[in-house]
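Listed below are the residues making up each chain.
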Amino acid sequence: MSDDNDILEMDETVDFMEEEAELGMIDEDMVYPQEFLPTYETIKEGSMMAKPEQAEFNNKPDSLFFNDGVRRIDFVLVYEDEDKKDFEKRHTFQRKKRRREYFEASLMKMGMELEATRSVIDEKLLFVKVHMPWDVLCTYAEVLHIKMPIEPNDLASRLSPWRFLSCITKHFYPSEDKIGTEVDYFTAPFEKDRIESFHVKNKDNFFTPSMRSRMAYYILSRAPYEVRGNIKKFGITKLLDSGIYKAAYPLHDCRFNVRSEEQGYPSERLLLYEEWAHPKSFYKMQPLDLIRKYYGEKIGIYFAWLGFYTVMLALAAVVGLGCFIYGYKTQATSTWSKEVCDPEIGGAIEMCPQCDRECTYWRLNSTCEASKKLCIFDNFGTLVFAVFMSVWVTLFLEFWKRYQAELEYEWDTVEFLEQEEQLRPEYEAKCVHERINPITRTKEMVPYTACGRCIRLSLGIGTVLFWILLILASVVAIIVYRLAVFFAFSAKLRAQDLKELEPLKEYVTPQMATSVTASIISFVVIMILNILYERVAILITDFELPRTKTEYENSLTLKMFLFQFVNYYSSCFYIAFAKGKAVGYPKEPVYLLGKFRNEECDPGGCLIELTTQLTVIMGGKAIWNNIQEVLLPWVKNIIFRYCTRAGSEKVIPRWEQDYQLQPIGKLGLFYEYLEMVIQFGFVTLFVASFPLAPVLALVNNLFEIRVDAWKITTQHRRMVPEKAQDIGAWQPILQGVAILAVATNAMIIAFTSDMIPRLVYYWSFSVDPYGDHSQHTMSGYINSTLSIFNIEDFSNNSRPLSTPYWFNSTTCRYRDFRNPPGHPREYQYSIQYWHVIAAKLAFIIVVEHIVYLTKFVLSYVIPDVPEAVKEQIKREKYLTQVIIHEANLKLVTKQLKPPPADEESPEYP
């Protein structure tokens, strides 16, 4: 070990900047505390460096071992032989070669064993196989606090209340003949000195392959690759980024569709493909324990959450589909829709122009088909469904907490605390400032001062706000587009007969044409901004330098979600709460930017436009994501295999087969979570306008689970296993969306749909003293929502240039509650307007309070951790304490035991 005063750095000083630029290795100065590597030993300058054993491929394509058949391969490194380069370029790569050789020598110095084998397809490629001996595994299992079995679980499992249906449900679970149930053990953090207390049957299989790979990657990410005085540079990540190594990955245990010929190994990848990733298994529950065992807890918890979310969506989808069917069946009985379509009513109502000068008068019944479709979504069933979804989202989150608590215990992540998670190498490497730890009161190294951290966070927040403003600017641009295009569509579609669109003539209205085209453009803008901001968010988070990987992902998660929230939902919020709310009236219309006249809603409201927007964005997003997730990796793998087809007739080893697969991105599952949480927002925030959203989400998720499973099982290299206790920052984000969903749905029903105005008319304005009917009715509702305007009151800027041949009236109608011309309060809001506003506000307050109270009661009643899990946790803690106590007693007894009689007593002067 070097002196404590040494500054361990990852990158060069200024003296080497020019040469580093040539190699693409320039970075900031970085330091690294060595106490995280117990087996680390400095290679003395000038000493001979050990090199990996050279071995020829032994023609065993399924082998997971070195050529001796004993040492298991825990990790594979791939590089291109510098000596095979062109002579004129060879000198450029000599320094890379020195760094690689030093890195490999450092690994062997730390106890790892290496074996190098040349590629059978490309002689320039070499594969360095990494093996961790038993002593090294034990050392780093203790460093990483890996929990290992100590005693079989003696607590009786509670019987399922659905066990009498097992003869039916067993067909929906993975085959027990292929994936057996493993023995359940109590576990404790591994300690090398107390190894006799752990359940060790076989040293070779005591640590699972995923554990071994995790420990190997821990060392690889911290091993030095160059030393210059007190400057030390380290980490496989930097070597991959600079091209010294082309890849680094753990091995799959077999081909995804062929069982391994190696004896004693279960071919878990094949089992996952057959029982999980194969399309024929789409109806089966996921083998979560096997997923966790093969890929690690982080992958396991994602698929557990996705599966749970999909199951809960089934209930919401059934209710939503029922509401849709109810609306579809009752659309023919809607009184107000009949009035719009009636030639004697809607055909006799002459509407005012919706834009200045170019637009002309039009008949209300031209929106007949749109009003019929609006009845499907704007009905009392939608109100019931919106309240149901507010309760559903609470049940989903509360039951997920319970299920997550069970998984935490079963997967040994209950006590996965922050201090157990290791620091990111990038953070460790920059620790140059000293401070006093506020908890332990000891000195520790940090990468920045309090002022430096404040500056980093401020720059990050400022950048995020700038991009959010950029999104809002794009939304304003789309609004301007809507206004300009609506002007053009209104001028043309109202004037033309559209004979060439005869089957669709009833549907092609200026509002619908504008809505559809604007939705498509909005979707394209969303996807472009996503691609650009993604890179900016990663750069900002790297600059902030979070302490652990969990903190890094949480910081990136918050930035990305804030951006995506504004990006995806801003156009929906505009249609729901802004469009048609400030349009004025024909005499004094409201203008955007002093030029564009604000667009109005259809006489039936803006709800159908919001539904169109949601359909386009949800559908387009699902199609785009599936193209990215399925087609791109598949096409890339085909191209790679085509380029290397010359060696296809040769026997290819396991490590080279995996090299031909696609690498996993640095952010791993981040984009999978983001995709699902954005979908969760569509399902909950705007469900009052689109009851079919849960149905579309359910169908998408049924494909998503199998697509993700197929992708990581067949198209990608094996991921480095990672520990995770929960879904991280996504949990509070989901809770925030659930709270916001109550308010948005209440406001959509109140301000976007026509439900409240219809109720006000039915109960107050259809009868005396405001109405002419003797009993409550919806007859005359459309007429009551349309105010009268005298065409002589048009300003010169608004008066239409042309008049249809059928228009011979002195007045026209417009959507609003205003007094008619000649009234003492001409064109001012009528008494009906204030009744409607009061009813809308009362509705929002009452519904929100009832739903929030229900959510609070459910959250309080449903415990986060099941009682059975609490008992098992207490039992495990008790056993751990007993083992530690007994081990300490044995140690004390051994120390107090007198020495044998034949040993000579020490002599003291």
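Calculation criteria
- Residues numbered from 1 in each chain as written.
- Predicted model: local features only at pLDDT ≥ 70, side-chain atom pairs only at ≥ 80, totals over all residues.
- Heavy atoms only, no water.
- Helix = DSSP H or I, 4+ residues; strand = E, 2+ residues; numbered from the N terminus.
- Buried < 20%, exposed > 50% of the residue type's maximum accessible area, 1.4 Å probe, protein only.
- Contact = heavy atoms within 4.5 Å.
- Areas by Shrake-Rupley, 256 points an atom, 1.4 Å probe, with all protein chains shown as cover.
- Phe/Tyr/Trp six-rings, centres within 6.5 Å; stacked < 30°, edge-to-face > 60°.
- Lys NZ or Arg CZ within 6 Å of the ring centre and 35° of its normal.
- 1 Å grid on protein atoms, 1.4 Å probe; cavity = no way out; pocket = protein on both sides within 12 Å on 5 of 7 lines; lining within 4 Å.
- Points joined across faces, edges and corners; volume = space filled by probe spheres on them.
- Pairing = 2+ DSSP bridges.
- Axes fitted to C-alpha atoms, helices over the stretch in contact; angles between N-to-C directions.
- Parallel < 35°, antiparallel > 145°, perpendicular 65-115°, else oblique.
- Left-handed = near helix turned anticlockwise from the far one by under 90°.
- Nonpolar A, V, L, I, M, F, W, Y, C, P; charged D, E, K, R; others polar.
- Disulfide = S-S within 2.5 Å.

Caption draft 1: Broad picture of the overall build of the chain. Of the regular secondary structure elements, the chain holds 27 helices and 19 strands. Residues classed as buried in the chain amount to 52% of the 909 residues present. Across the chain, contacts joining residues at least 24 apart in sequence account for 78% of those joining residues at least 6 apart. On the chain, roughly 43800 Å² of surface is accessible, and the fraction owed to carbon and sulfur atoms is 59%.

Caption draft 2: Molecular detail of the packing of aromatic side chains. In this structure the tally under the stated criterion is 58 aromatic pairs. Centre to centre, the rings of Tyr-568 and Phe-682 are 6.2 Å apart; their planes meet at 85 degrees, and the pair counts as edge-to-face. Here Tyr-568 is found in helix α18 (residues 549-577), whereas its partner Phe-682 is found in helix α21 (residues 670-685), with 114 residues between them in sequence. Pair check on accessibility: Tyr-568 and Phe-682 agree, each one buried. For the ring pair Tyr-829 and Tyr-833, a centre distance of 3.8 Å and an interplane angle of 10 degrees mean the geometry is stacked. The exposure class assigned to Tyr-833 is buried, which follows from its relative accessible area of 18%. Sitting over the ring of Trp-655, Lys-129 keeps its end group 4.2 Å from the ring centre. Across the ring face of Tyr-294, the terminal group of Arg-718 is positioned such that the distance to the ring centre comes to 3.7 Å.

Caption draft 3: Region of interest: empty space enclosed by the protein. Enumeration over the complete set of coordinates arrives at 10 cavities of 30 Å³ or more. Here the largest cavity is characterised by a volume of approximately 120 Å³. Along the wall of the largest cavity there are 16 residues; nearest its centre are Gln-354, Pro-586, Glu-600, Tyr-814 and Arg-815. Mapped by element, the contributors of at least two residues to the lining of the largest cavity are β14 (584-585) and β19 (811-815). The biggest single contributor to the lining of the largest cavity is β19, with 3 residues.

Caption draft 4: Region of the structure containing the sheet that holds strand β9 (residues 247-249). Taken in spatial order, the 5 strands line up as β1-β3-β4-β2-β9 in an open sheet, and their pairing is mixed. Strand pairing shows two members of the sheet lacking a second neighbour, β1 (53-54) and β9, which therefore form its edges. In this structure, strand β3 (residues 113-118) lies alongside strand β4 (residues 125-131), joined through 6 bridges in antiparallel fashion. Looking across to β4, one finds that Thr-117 is bridged to Phe-127. Relative to strand β2 (residues 75-80), helix α3 (residues 94-109) is tilted by about 160 degrees, and along the sheet it contacts β2, β3 and β4. Contacting β2 and β4, helix α7 (residues 209-220) crosses the sheet at an angle of about 45 degrees to β2.

Caption draft 5: Summary view of the packing of helix α10 (residues 288-295) against helix α11 (residues 297-330). Their axes nearest at 7 Å, the elements α10 and α11 cross at an angle of 150 degrees. By the angle class used here, α10 and α11 are roughly antiparallel. Crossing of α10 against α11: the hand is right-handed. Touching Leu-288, Ile-291, Arg-292 and Tyr-295 of α10 are Glu-297, Ile-299, Gly-300, Phe-303 and Ala-304, all from α11. Its residues assigned to classes, the contact of α10 with α11 shows 6 nonpolar, 1 polar and 2 charged.

Caption draft 6: Region of the structure containing the environment of Glu-339. With respect to the helices, strands and loops of the structure, Glu-339 is situated in helix α12 (residues 335-341). Residue classification places Glu-339 among the buried positions, given a relative accessible area of 8%. Through-space distance from the C-alpha of Glu-339 to that of Asn-783 is 8.9 Å; in sequence the pair is 444 residues apart. In contact with Glu-339, not counting residues within four places along its chain, are Ile-345, Gly-346, Met-778, Ser-779, Gly-780, Tyr-781 and Ile-782.

Caption draft 7: Summary view of the state of the cysteines. Tallying each qualifying case throughout the model produces 3 disulfides. In this model Cys-352 forms its disulfide with Cys-812; the gap between the sulfur atoms is 1.9 Å. What sets the handedness of the Cys-352 and Cys-812 disulfide is the S-S torsion sign, and at about 90 degrees it is right-handed. You can see Cys-352 sitting in the loop between β10 (350-351) and β11 (362-363) and its partner Cys-812 sitting in strand β19, a full 460 residues away along the chain. A relative accessible area of 3% means that Cys-352 is categorised as buried. Through a disulfide, Cys-355 is tied to Cys-359; the S-S separation comes to 1.5 Å. Here Cys-355 and Cys-359 share a disulfide; its torsion about the S-S bond, 95 degrees, makes the bridge right-handed. As far as the burial class goes, Cys-355 and Cys-359 line up, both buried.

Caption draft 8: Spatial organisation of helix α24 (residues 755-765). Those residues of α24 that fall on the buried side of the exposure criterion are Met-755, Ile-756, Pro-757, Arg-758, Val-760, Tyr-761 and Phe-765. Those residues of α24 that are buried lie in contact with α12, α14 (380-410), α23 (730-752), α25 (781-785) and α26 (831-861).

Caption draft 9: Looking closely at unusual backbone geometry. In the segment running from Asp-768 into Pro-769, the intervening peptide bond is cis, with an omega of 10 degrees. Mapped onto the fold, Pro-769 is located in the loop between α24 and α25. Look at Arg-357: it is not a glycine, yet its phi comes out positive at around 65 degrees. Relative to the helices and strands, Arg-357 is located in the loop between β10 and β11. Residue classification places Arg-357 among the partly exposed residues on the basis of a relative accessible area of 35%. Of note, the phi angle at Asp-412 is positive, near 60 degrees, even though the residue is not glycine. Mapped onto the secondary structure, Asp-412 falls in the loop between α14 and α15 (425-429). Assessed through its relative accessible area of 12%, Asp-412 is described here as buried.

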